[in-house]
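Listed below, chain by chain, are the residues.
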Amino acid sequence: MALKAGIVGLPNVGKSTLFNAITKKNILAANYPFATIDPNVGMVTVPDSRLQFLEDLYIPESTVPTSFEFTDIAGLVKGASRGEGLGNKFLSHIREVDAIVEVVRCFDDVNITHVEGKTDPIRDIEIINLELIFADLEIVENRLSKIEKKAQTTKDKESLIEVSALSKSKEALMASKPLRYVDYTDEEKASIKAFNFITLKPLIYLANVDEESFIHGENEYTKKVSEYAEAENSGVVVMCAKLESELSEMNIDDKKQLLSELGVNSSGMDRLIFQTYNLLGLATFFTAGPKEVRAWTFRKNMKAKECAGIIHSDIERGFIKAEVMKFDDLETYKDEKKVQENGKLRLEGKDYIMQDGDIVYFRFNV
């Protein structure tokens, strides 16, 4: 599944340094606005110790982890919705992602220019969020002006549903409320899906701190961000992008040793990946055998037949049954035959709701 998380924020908050750490790509991280002009896209591997166990058990010819895209998008400035800075170019790129990681500067450094003059994470958040709201509001108002009278005249059901959804949207946006907090009906959600509204996307705040603050887990700035995020039911990850960039260059053992010396259990990067994965409502199932062990990303509550289609459309089309065992059972018995002998291997139909950690073999015929 081609899922994308977009990294956004004001210039010079650490977005490109973070992106370097995520993808281990050497892109420009300069001390001036708009160092990133075009969106940089990189695939991110989701850390999963279960994959290592399966690899050791099956000794496959290849092992493929699950992943999704992080996109680093050019820095936003006040007035972007009116074309300031990179304006509409920024906004068009952000519409293409599934979730937003909003990087907020939570450190002081006289050597790194702040586009607004001084560090103030709440001001920065409100600048970005307001520009995104303005961008969505423009689309809502333009569409309403074209469809509202027609819907009232023709009484067309689909048009009336769309007008209802857009009216709810306008009311929320005018009150500076992101669309992800609007209570739409399922029909209303479907009617506005094609607009790709930015503020309808799930969002997580990434508080970029100095190394000392990362070790302690917070500082005065991150406390404010956490309070702000809690009030709007959003998530927060505290990370030192500079440290993560250094960690990304190390091998696994050196990375673990440094984290241990710093007194932290996991890197900020791992926390970000897991939280973004969860934010998108994703889970993992596995296929395993001597040829390949592979992790597959799926959306929670997807059915077995739909998940078969993630592998190949022919498997979904010709779906018969799914042989399913839980990872925990295979880990316990360490052998497929023993899993089966203990009644833990199941045959499931097309309506089976896939679970995180399922190991599956799809039976199909085309």
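In case you missed it, the structure is sitting above this.
Residues numbered from 1 in each chain as written. Predicted model: local features only at pLDDT ≥ 70, side-chain atom pairs only at ≥ 80, totals over all residues. Heavy atoms only, no water.

Caption draft 1: Layout of unusual backbone geometry. Phi angles above zero are rare outside glycine, and S176 is one such case at about 60°. Owing to a relative accessible area of 45%, S176 belongs among the partly exposed residues under this scheme. The backbone phi angle of K334 is positive, close to 60°, even though this residue is not glycine. Within the fold, K334 resides in the loop between α14 (327-333) and α15 (336-341). (Buried < 20%, exposed > 50% of the residue type's maximum accessible area, 1.4 Å probe, protein only. Helix = DSSP H or I, 4+ residues; strand = E, 2+ residues; numbered from the N terminus.)

Caption draft 2: How the structure looks around the packing of aromatic side chains. Scanning all chains against the criterion turns up 8 aromatic pairs. With centroids separated by 6.1 Å and ring planes inclined at 90°, the aromatic side chains of F285 and F362 adopt a geometry described as edge-to-face. Of this pair, F285 sits in strand β8 (residues 282-288) while F362 sits in strand β12 (residues 358-364); the two residues are 77 residues apart in sequence, bridging distant segments of the chain. Judged by relative accessible area, which is 0%, F285 ranks as buried. Here the aromatic cluster, defined as three or more aromatic residues joined through ring pairs, consists of F285, W296, F298, F319 and F362. Against the face of W296 rests R294, its NZ or CZ located 4.2 Å from the ring centre. (Phe/Tyr/Trp six-rings, centres within 6.5 Å; stacked < 30°, edge-to-face > 60°. Lys NZ or Arg CZ within 6 Å of the ring centre and 35° of its normal.)

Caption draft 3: Representation of the sheet that holds strand β4 (residues 67-72). Strand order in the open sheet made by the 6 strands is β2-β4-β1-β5-β6-β7, with mixed pairing throughout. In the strand order of this sheet, the two ends are held by β2 (40-45) and β7 (235-239), each with one partner. Between one strand axis and the next, the sheet turns through 25° on average, direction left out of account. Where strand β5 (residues 99-105) lies against strand β6 (residues 203-208), 6 bridges are found, and the strand directions are parallel. Opposite I100, over in β6, you have L203 as the bridge partner. Packing against the sheet, helix α4 (residues 121-154) makes contact with β5 and β6, and its axis sits at approximately 145° to β5. Packed onto the sheet, helix α8 (residues 220-231) meets β5, β6 and β7 and runs at close to 165° relative to β7. (Pairing = 2+ DSSP bridges. Axes fitted to C-alpha atoms, helices over the stretch in contact; angles between N-to-C directions. Contact = heavy atoms within 4.5 Å.)

Caption draft 4: Representation of the nonpolar core. Formed by 57 residues in total, the largest nonpolar core has its most connected members in L18, I22, F68, F70, I94, I100 and L272. Ranked by the residues each element gives to this core, the list is headed by α4, at 6 residues. Excluding its chain neighbours within four sequence positions, the residues that come into contact with F68 are L3, A5, G42, M43, V44, V46, I273, T276 and Y277. W296, M302, A322 and Y352 belong to the second-largest nonpolar core, a separate cluster that totals 17 residues. (Core = buried A, V, L, I, M, F, W, Y, C linked by side-chain atoms within 4.5 Å.)

Caption draft 5: Here's a closer look at the pairing of β6. Burial analysis of β6 places 6 of its 6 residues in the buried class, which makes it a mostly covered element. Alternating positions in β6 separate into two faces, L203, Y205 and A207 on one and I204, L206 and N208 on the other, with burial throughout.

Caption draft 6: Inspection of helix α5 (residues 157-174) at higher detail. Taking 1.5 Å per residue, 18 residues should reach 26 Å; α5 reaches 26 Å between its end C-alpha atoms and fits that length. Regarding α5, the residues found buried are S159, I161, E162, V163, A165, L166, S169, A172 and L173. Those residues of α5 hidden inside the fold are in contact with α4 and α6 (186-192). One or two steps after α5, the chain reaches S176, where phi turns positive at roughly 60°. (Expected span 1.5 Å × (residues − 1).)

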